[in-house]
Amino acid sequence: MAVKDRDRFSTATRLKLLGEQTAARVYRSQTKRQARRSRLTGRAALLALVLCSLVVALAYPIRQYVSQRAEISDLQRQQARARQRVEQLRDLKARWQDDAYAEQQIRQRLHYVLPGETGYVVIDPDAAKQSRAELGAADRPWYANVWDGVDRSDASDQ
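Keep in mind that what you see is a predicted model, and the values were worked out from it rather than measured.

For helix H3 (residues 99-110), with twelve residues, the first-to-last C-alpha span of 16 Å sits near the 16 Å given by 1.5 Å per residue. Along H3, the residues that are buried comprise Tyr-101, Ala-102, Gln-105 and Leu-110. For H3, the buried positions fall inside an angular range of 120° around the axis, keeping them on one side. Residues of H3 that are exposed and point more than 90 degrees away from the buried face comprise Asp-99 and Gln-108.

Here it is, written out as structure tokens:
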């Protein structure tokens, strides 16, 4: 018994016992961690799988939604521009319905005069800067002036 007691208190025996206890603790903690990790990892994997499935399932509809919203806003802008253009054309049409406006435009663009009036062409000192079409409007045939007026009105509409 004395040898057994001496064996129990020897350094080698104590170290051996301490190593076994430490190994047992490490083994127990590893098994607990592994058990926890495996449950958490399974849940995390399932959650990641569900999230990826949702992202894949919703990616195309969301892309379509965004592109359709952009197309709708473009069409609304085009519609607003078209409405504005229609209003401008209605105003212009209403102005041309007025005989005084039509007469003013005919006199100004085509250099017409009423019977009994005398038409004068005043030459500006800065005539070199003016276009040839405007300078020689009185010297050209009337149909050339009409076509120039049509061309200018087309250019101003655009």
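From this point, the discussion proceeds with the structure in view.
Turning to the pattern of salt bridges, a few remarks are in order. Scanning all chains against the criterion turns up five salt bridges. Across the salt bridge formed by Asp-74 and Arg-77, the nearest N and O atoms sit 2.2 Å from each other. Pair noted here: Asp-74 and Arg-77 are both in helix H2 (residues 11-97), with a separation of three residues, about one helical turn. Residue Arg-107 is joined to Glu-103 by a salt bridge in which the shortest nitrogen-to-oxygen separation is 3.4 Å. Of this pair, Arg-107 and Glu-103 both sit in helix H3, four residues apart, which is roughly one turn of that helix. Take Arg-107: its relative accessible area is 29%, and that puts it in the partly exposed class. Bridged by salt links that share partners, the residues Glu-103, Arg-107 and Glu-117 form one connected network.

Conventions we followed
Residues numbered from 1 in each chain as written. Predicted model: local features only at pLDDT ≥ 70, side-chain atom pairs only at ≥ 80, totals over all residues. Heavy atoms only, no water. Helix = DSSP H or I, 4+ residues; strand = E, 2+ residues; numbered from the N terminus. Expected span 1.5 Å × (residues − 1). Buried < 20%, exposed > 50% of the residue type's maximum accessible area, 1.4 Å probe, protein only. Arc of directions from axis to C-beta. Salt bridge = Lys/Arg side-chain N within 4 Å of Asp/Glu carboxyl O.

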